[in-house]
Amino acid sequence: MRRRVMSMLAAVTLAAAALAGQTTSASASASASASASASASTEGRHAEASADSRPAASRPADPPTEFGTDWHDPITAAPPVAKPATKSCRVTLAETEFRDFTPYKGSYTPPKGCGVRWSKVVLRLEGKVKGRQFDRLGYLHIGGVEVLRTSTPEPSPDGIAWNVEKDVTRYSDTLRADQPVEMLIGNVVDDTYTGVIEVKATLTFYAAEPHAQRRPATDTPDRVLTLDQGTLTTPRNSERIVAEVYATGSGGGCEEFWYLAVPNEVPYSCKADGGPYREVQISVDGQLAGIASPFPNVWTGGWSNPFLWYVIPAPGAFDVRPLQYDLTPFAGLLDDGRPHQVDVSVVGVPKGQSGWSAPVNVLVWQDAGSARVTGALTGHKESEPDSSTTYTPGTDEYRLDAKGGHSLTVSGYVNTSHGRVATTVTRDLTSTSTHRWTDGENNDALKGTWTDRQTVVSGHNTLRTNRTYTMDGATTLDADNRLRTVIELGDRAETGRATGAGGTAWTVLDDTYTGDASYTANVPRDQRHAVGTSRERYRLTSPNGCYDRELHTAQGALTVDRRRC
């Protein structure tokens, strides 16, 4: 069964930064009339259908009895980016089509008429494709900085259109100067796979709001850096440093489904020495500096069943959220004006095997009152990494139970113009999964949970971010060659920021997808008799309000679009 999966794939805004625990603080505006009810986000996933002018109220549709040659354009329940009511300027980054693996290369010039300090910068990617095509992965770079990692929906014969919105204000430093642009959505077009992917990428800049309404300047980093042949040189007055890594297991091989891997001695098509445990690590000069659990991305052909994802994609499929690492404890070391080696590695990947992409951006906040910041790393404590599997063979079913975990605490200080600031970053990762399958992998099921908990104490500020990812899915292929997939995916986060009153203000995200789809395998498209339902509910609450949207589909028709709050 996994071989079939691999062959198919071979070819809101509120509190995003707070939910990441790094880049910006969360704020919500809970206006019921605003579709976002959301804050300035620097990392949230914002994908809306091209028909986002549809009313917010539920518009039930009578679904067909099975999938036809056309269906509703892709849509997600995530909130669109909240936009300020200020003057705006738009710049086109790219307008092109992808037929192969040739990158688009162009240039970017900052807009005129909206100043150089913006209250918001919004990236919008619009896409079209028709015919037959696999899901494809892509990226967009401006000045070498990765501003978007994305995947595409699989098209209907009649064609689909979709768009993605993302708050990219945190990259303002890069956007203030002329820059080269590079974009690629690798594609194959031939007599069988006919879908040419057409895209247009734009940036909309919103002029700074009146002074009293501006967000704190600390929300947006002063510098955005990339690695130079694996090395990083920071300004000598850097007082806060955050790395972000767009880590994805991809490429059509087993690392696309890393959560299904089994040890070498176990009879299954995707193997790895240590089983399914994965952890994305970042190091500075050879010393472990940060750990994170990768998000279990599912692209739009995933789990052998594209009918699950034609209208509602899995969480994060269109806008991959970067992993973030607070490297501020290392600032005293990095501020010496010399290049330092920064490496990203993925624990658990078999030696010599590719399959992961992990580009790095580094966000830097500088001390405006000092030309030189000094400091030191004062503490580094790491638990022994824990990864184990238990294999249970059987006559009718095989089973692999896996668990893993790791923790890291790093402390340091910087001497700034406003005094000594000590920072301690504590991160704790856990994972558990149960994988069941039968001979030939005709039945294949996984239930897994991954947690990533982080606390950052910096000076008098404390930020806690608790993330939980869940996957509970099963694919079966019966004697009549009928393939069915039932799956539930969860992306949950709780972010708590200490308040002056001694309490904690919490922002809570719960993005849940469920789907059930079946079709007749190994026959022409018009003989598949595919049916399927999917649902997504995206809920976001904070001290300032809430956002709650729920979508239902059946056989490609949008049957429910309900908003609460």
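Some thoughts on the packing of aromatic side chains
The geometry of an aromatic ring pair is captured by two quantities: the separation of the ring centres and the angle between the planes.
Step number 1: Throughout the structure, instances matching the rule amount to 17 aromatic pairs.
Step number 2: Both rings, one in Tyr-108 and one in Phe-205, keep their centres 6.5 Å apart while their planes meet at 25 degrees; by these two values the pair is stacked. Here the residue Tyr-108 occupies a position in strand 3 (residues 104-108), and Phe-205 occupies one in strand 9 (residues 197-207), the gap between them amounting to 97 residues. Phe-205 matches Tyr-108 in its accessibility class, with the two residues each being buried.

What about the sheet that holds strand 11 (residues 231-232)?
Strand pairing in a sheet is mediated by backbone hydrogen bonds. Such pairs are either parallel or antiparallel.
Step number 1: Spatially, 4 strands are ordered 11-17-14-15 in an open sheet, and the strand pairing comes out antiparallel. Two strands lie at the open edges of the sheet, namely strand 11 and strand 15 (287-292), each paired on one side alone.
Step number 2: Relative to strand 15, strand 14 (residues 279-284) runs antiparallel, the two being bridged by 5 bridges. From the neighbouring strand, Ser-283 faces strand 15, where its bridge partner is Leu-288.

Section: the sheet that holds strand 19 (residues 360-366)
Step number 1: Reading across from one edge, 10-19-12-16 is the order of the 4 strands in this open sheet, with antiparallel pairing throughout. The outermost strands of the open sheet, each flanked by one partner alone, are strand 10 (223-226) and strand 16 (323-326). Neighbour-to-neighbour, the strand axes of the sheet open up by a mean angle of 25 degrees, direction not taken into account.
Step number 2: As paired elements, strand 10 and strand 19 share 4 bridges and run antiparallel to each other. Counted as the bridge partner of Leu-225 is Val-362 from strand 19.

Points about the pairing of strand 29 (residues 545-554)
Step number 1: Here strand 29 lies mainly inside the structure; 9 of its 10 residues are buried.
Step number 2: In the sheet, strand 28 (residues 531-542) pairs with strand 29 via 10 bridges, with the strands oriented antiparallel. Each residue of the ladder has a partner; that of Glu-536, found in strand 29, is Leu-551.
Step number 3: Counted between consecutive antiparallel strands, the loop separating strand 28 from strand 29 contains 2 residues.
Step number 4: Sheet topology places strand 29 next to strand 30 (residues 557-564); 7 bridges connect them, and they run antiparallel. Bridge assignment links Glu-550 to a residue of strand 30, and that residue is Arg-562.
Step number 5: Joining the antiparallel neighbours strand 29 and strand 30 is a turn of 2 residues, in which Gln-555 adopts a positive phi near 50 degrees.

Analysis parameters
Residues numbered from 1 in each chain as written. Predicted model: local features only at pLDDT ≥ 70, side-chain atom pairs only at ≥ 80, totals over all residues. Heavy atoms only, no water. Phe/Tyr/Trp six-rings, centres within 6.5 Å; stacked < 30°, edge-to-face > 60°. Helix = DSSP H or I, 4+ residues; strand = E, 2+ residues; numbered from the N terminus. Buried < 20%, exposed > 50% of the residue type's maximum accessible area, 1.4 Å probe, protein only. Pairing = 2+ DSSP bridges. Axes fitted to C-alpha atoms, helices over the stretch in contact; angles between N-to-C directions.

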